[in-house]
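# Structure at a glance
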Amino acid sequence: MKSYLFSLAIVFFSSIVFSQEALVSSSENFKSSVASGIITMVLPDDVTAEGVEKYSKYYTSYFTTSFDQGAHKVTFNMVKNDAKSRRVIIRFLSANGVQFVKIGDRSLTLTNFYDAYLK
């Protein structure tokens, strides 16, 4: 029983420690960038330019990306700025290992982030 609880604790701890979180500067700025179709966010430090390029190529009918490697900032330029196309941003983030998006002091799961900000 002790080994089962220990294993469960290790799995829980590792899911917290290794969860990836993208950052958005502020709710108001982000909402205006969504409305404009040019959406910017900061990706975690271990997301590489190669990863951004690799996963971006699958979604070019929805958006193009540019990546500032020094600041880890990705910019999505929406081809068609609608909710369906913005949902694909969630797939891109997930493919890059991102599990949460932090806006201000709130950390949202990707699903909640989509519902609150990209829909």
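Relevant structure appears above.
Small disclaimer: the values here were computed from a predicted structure and weren't measured.

This next bit is on the packing of aromatic side chains. If you walk through the whole model with that rule in mind, you get seven aromatic pairs. Summarising the aromatic geometry, the rings of phenylalanine 30 and tyrosine 117 are spaced 6.1 Å apart at their centres and angled 75° between planes, so their arrangement reads as edge-to-face. Here phenylalanine 30 is found in helix H2 (residues 27–36), whereas its partner tyrosine 117 is found in helix H5 (residues 110–118), with 87 residues between them in sequence. A single burial state applies to phenylalanine 30 and to tyrosine 117, both of which are buried. Taking the centre distance of 5.0 Å and the plane angle of 85° together, the rings of phenylalanine 63 and phenylalanine 76 count as edge-to-face.

Moving on: the nonpolar core. Core analysis: the largest hydrophobic core is formed by 28 residues, its most contacted members being Phe30, Met41, Phe76, Leu93, Phe113 and Leu118. Secondary structure elements with two or more residues in this core: strand S1 (20–24), H2, strand S2 (38–42), strand S4 (73–78), helix H4 (83–95), strand S5 (98–103) and H5. Contacts of phenylalanine 76, omitting those with residues within four sequence positions, involve Gly37, Ile38, Ile39, Met41, Phe63, Thr64, Thr65, Ile89 and Phe92.

Take the packing of H2 against H5 next. Any two packed helices are characterised by the angle at which their axes cross and by the distance between the axes. The interhelical angle for the contact between H2 and H5, taken along N-to-C directions, is 75°, at an axis separation of 10 Å. If you check the angle between H2 and H5, you find them roughly perpendicular. Within the contact between the two elements, H2 uses Ser27, Phe30, Lys31 and Val34 and H5 uses Phe113, Tyr117 and Leu118.

Here histidine 72, not a glycine, exhibits a phi torsion of approximately 60°, which is positive. Following the sequence through the fold, histidine 72 ends up in the loop between strand S3 (63–68) and S4. The class of histidine 72 is buried, set by a relative accessible area of 13%.

Next up on the list: the packing of H4 against H5. Packing of H4 against H5 brings their axes to within 10 Å, and their N-to-C directions diverge by 150°. Considering their axes alone, H4 and H5 lie roughly antiparallel with respect to each other. Pair H4 / H5 crosses with right-handed handedness. Within the contact between the two elements, H4 uses Ala83, Arg86, Arg87, Ile89, Ile90, Leu93 and Ser94 and H5 uses Leu110, Phe113, Tyr114 and Leu118. Grouping the constituent residues of the contact of H4 with H5 by class yields eight nonpolar, one polar and two charged.

Summarising the element assignment, serine 56 is placed in helix H3 (residues 49–56). Leaving out residues up to four positions away in the same chain, serine 56 has contacts with Thr65 and Phe92.

Okay, H3 next. By the burial criterion, the buried members of H3 are Gly51, Val52 and Ser56. The buried residues of H3 all sit within an arc of 125° when viewed along its axis, so they share a single face. In H3, those exposed residues whose orientation departs by more than 90 degrees from the buried face are Glu50 and Glu53. Tucked into the core, H3 has its buried residues touching S3, S4 and H4.

Parameters at a glance
- Residues numbered from 1 in each chain as written.
- Predicted model: local features only at pLDDT ≥ 70, side-chain atom pairs only at ≥ 80, totals over all residues.
- Heavy atoms only, no water.
- Phe/Tyr/Trp six-rings, centres within 6.5 Å; stacked < 30°, edge-to-face > 60°.
- Helix = DSSP H or I, 4+ residues; strand = E, 2+ residues; numbered from the N terminus.
- Buried < 20%, exposed > 50% of the residue type's maximum accessible area, 1.4 Å probe, protein only.
- Core = buried A, V, L, I, M, F, W, Y, C linked by side-chain atoms within 4.5 Å.
- Contact = heavy atoms within 4.5 Å.
- Axes fitted to C-alpha atoms, helices over the stretch in contact; angles between N-to-C directions.
- Parallel < 35°, antiparallel > 145°, perpendicular 65-115°, else oblique.
- Left-handed = near helix turned anticlockwise from the far one by under 90°.
- Nonpolar A, V, L, I, M, F, W, Y, C, P; charged D, E, K, R; others polar.
- Arc of directions from axis to C-beta.

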